[in-house]
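Each chain, written out:
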Protein chains: 2
Amino acid sequence: MAADPLSRVFAALADPTRRDMVARLTLADATVNELAAPYDISLQAVSKHVRVLEDAGLVTRSREAQRRPVHLEAEVFDLMTKWLERYRRAAEERYRRLDDVLGSMPEDDVPPTPPAGGARP
Amino acid sequence: MAADPLSRVFAALADPTRRDMVARLTLADATVNELAAPYDISLQAVSKHVRVLEDAGLVTRSREAQRRPVHLEAEVFDLMTKWLERYRRAAEERYRRLDDVLGSMPEDDVPPTPPAGGARP
DNA sequence: CTCGTCCTCAACCAAAGGGTTGACAATGCG
DNA sequence: CGCATTGTCAACCCTTTGGTTGAGGACGAG
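Model, not experiment: these values are computed from the prediction. (Residues numbered from 1 in each chain as written. Chains lettered and ligands numbered in written order. Predicted model: local features only at pLDDT ≥ 70, side-chain atom pairs only at ≥ 80, totals over all residues. Heavy atoms only, no water.)

### A few points about the overall build of chain A
Per the secondary structure count, chain A includes five helices and two strands. Counting across all 121 residues of chain A, residues that qualify as buried make up 39%. When contacts within chain A are restricted to residue pairs at least 6 apart in sequence, long-range pairs at least 24 apart make up 46% of them. For chain A, the exposed area adds up to about 7000 Å²; of that, 53% sits on carbon and sulfur atoms. (Helix = DSSP H or I, 4+ residues; strand = E, 2+ residues; numbered from the N terminus. Buried < 20%, exposed > 50% of the residue type's maximum accessible area, 1.4 Å probe, protein only. Contact = heavy atoms within 4.5 Å. Areas by Shrake-Rupley, 256 points an atom, 1.4 Å probe, with all protein chains shown as cover.)

### Here's the deal with the protein's contact with DNA strand C
Taken together, 22 residues surround DNA strand C, and among them Ser47(A), Arg61(A), Gln44(B), Lys48(B) and His49(B) come closest. When atoms of DNA strand C within 4 Å of the protein are sorted by moiety, sugar and phosphate together comprise 60%. Ser42(B) has a polar backbone atom sitting 2.8 Å from a phosphate oxygen of DNA strand C. Between DNA strand C and the protein, one listed contact pairs a base oxygen with a side-chain N or O atom of Gln44(B) at 2.6 Å. Taken together, the residues of the surface near DNA strand C sort by class into five nonpolar, nine polar and eight charged. (Near = heavy atom within 4 Å. Polar contact = N/O pair within 3.5 Å; in protein donor to acceptor, adjacent residues only side chain to side chain. Nonpolar A, V, L, I, M, F, W, Y, C, P; charged D, E, K, R; others polar.)

### Some points on the environment of Leu6(A)
By the element assignment, Leu6(A) lies in helix H1 (residues 5-13). For Leu6(A), a relative accessible area of 14% gives the class buried. Distance from Leu6(A) to Trp83(A), taken between C-alpha atoms, is 8.9 Å for residues 77 residues apart in sequence. Ignoring anything within four residues of it in the chain, the contact list for Leu6(A) reads Leu79(A), Trp83(A) and Arg19(B).

### Let's talk about the confidence of the model for chain A
The predicted model of chain A has a mean per-residue pLDDT of 80, with 75% of residues at 70 or higher. Averaged pLDDT values over the elements of chain A bottom out at 75 in helix H5 (residues 75-101) of chain A and peak at 97 in helix H4 (residues 43-55) of chain A. (pLDDT = per-residue confidence, 0-100.)

### Re the interface of chain A and chain B
Every contact between the two is made by 37 residues of chain A and, on the other side, 37 residues of chain B. Taken together, the links from chain A to chain B amount to two salt bridges. Taking the shortest distance from any N to any O, the salt bridge between Arg19(B) and Asp4(A) comes out at 2.5 Å. On inspection of chain A and its partner chain B, the count reaches six residue pairs in polar contact (both at pLDDT 80 or more). For the side of chain A that touches chain B, the elements supplying multiple residues, two or more each, are H1, helix H2 (16-25), strand S2 (70-72) and H5 of chain A. Of the residues assigned to the side of chain A that touches chain B, the class counts are 22 nonpolar, four polar and 11 charged. (Salt bridge = Lys/Arg side-chain N within 4 Å of Asp/Glu carboxyl O.)

### Quick look at the relation of the copies chain A and chain B
Between chain A and chain B, the superposition needs a rotation of 180° and an axial shift of 0.0 Å, giving an RMSD of 0.1 Å. One copy is carried onto the other by what is essentially a two-fold rotation axis. Mapped onto chain B, 86% of the interface residues of chain A are again interface residues, and the two copies thus contact each other with one and the same surface. (Least-squares fit on C-alpha atoms with pLDDT ≥ 70 in both.)

### Here's the deal with the packing of aromatic side chains
Enumeration over the complete set of coordinates arrives at three aromatic pairs over all chains. Consider the rings of Phe10(A) and Trp83(A), whose centres lie 5.3 Å apart with planes at 70°: the pair is edge-to-face. Of this pair, Phe10(A) sits in helix H1 while Trp83(A) sits in helix H5, and the two are 73 residues apart along the sequence. Each of the two residues, Phe10(A) as well as Trp83(A), counts as buried. Through a chain of ring-to-ring contacts, three or more aromatic side chains come together here, namely Phe10(A), Trp83(A), Phe10(B) and Trp83(B). (Phe/Tyr/Trp six-rings, centres within 6.5 Å; stacked < 30°, edge-to-face > 60°.)

The following block contains the structure:
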């Protein structure tokens, strides 16, 4: 299994079924059975999906009688947002610069992380 | 291969090597050979990685003599950001609400999900 | 205690993914 | 032209993954 957290998160969200589950979990916690309802797959398959989400830190499960309510965690979204935002901004910036210079200057010219940067590649 | 764009993007970014490539491409375009340099894998493997990124719409390739410079595209990042932001906010909102409830009553008394599944629209 | 409910564990299978090696297309240069 | 450089295509190998079925654990209700 992927070692680093970010890989696990991205991999978890690479599946449409799991993304749908996440979408529904933003509305309310749900049991595995409730989660399974809309899909045409076995309960066990759904259980596996939930586990993947759990391993990625996207959800947590508690115990409540025989039920195992699944709860969406917000933190990981922040993590992803930070990651994404960084590259999104960089890509846009580069796009602008390239447009400006159009291949006359090499990367001497590349500035350190621009405004509000602060992480290392 | 995953049909929907979002799945492709997430899947593409689920690999650390590919994320690293993306990181480096925010600094400058690069050829496949240049991209391959840091890694201890075959050129063909790198070529495959680039293709995955391309299929996901994260990069484009042009022709320039025998070289095929790889260029990072910013648009897809916007797409992802929008998707993410939506769920991040929803999750936070829900978190706050739950926090509120938890704050006012003992844990084993938590009124869980609306009974009788209010499954999804 | 027994039963039904809810869920997980285990074994298995087909397909996809990341890696390899080997052949070869495309282009510039001597 | 012949050849080196750059990159892709193709076939193959494992491992992972999403799915299945079957067995069974945990718990509440009777």
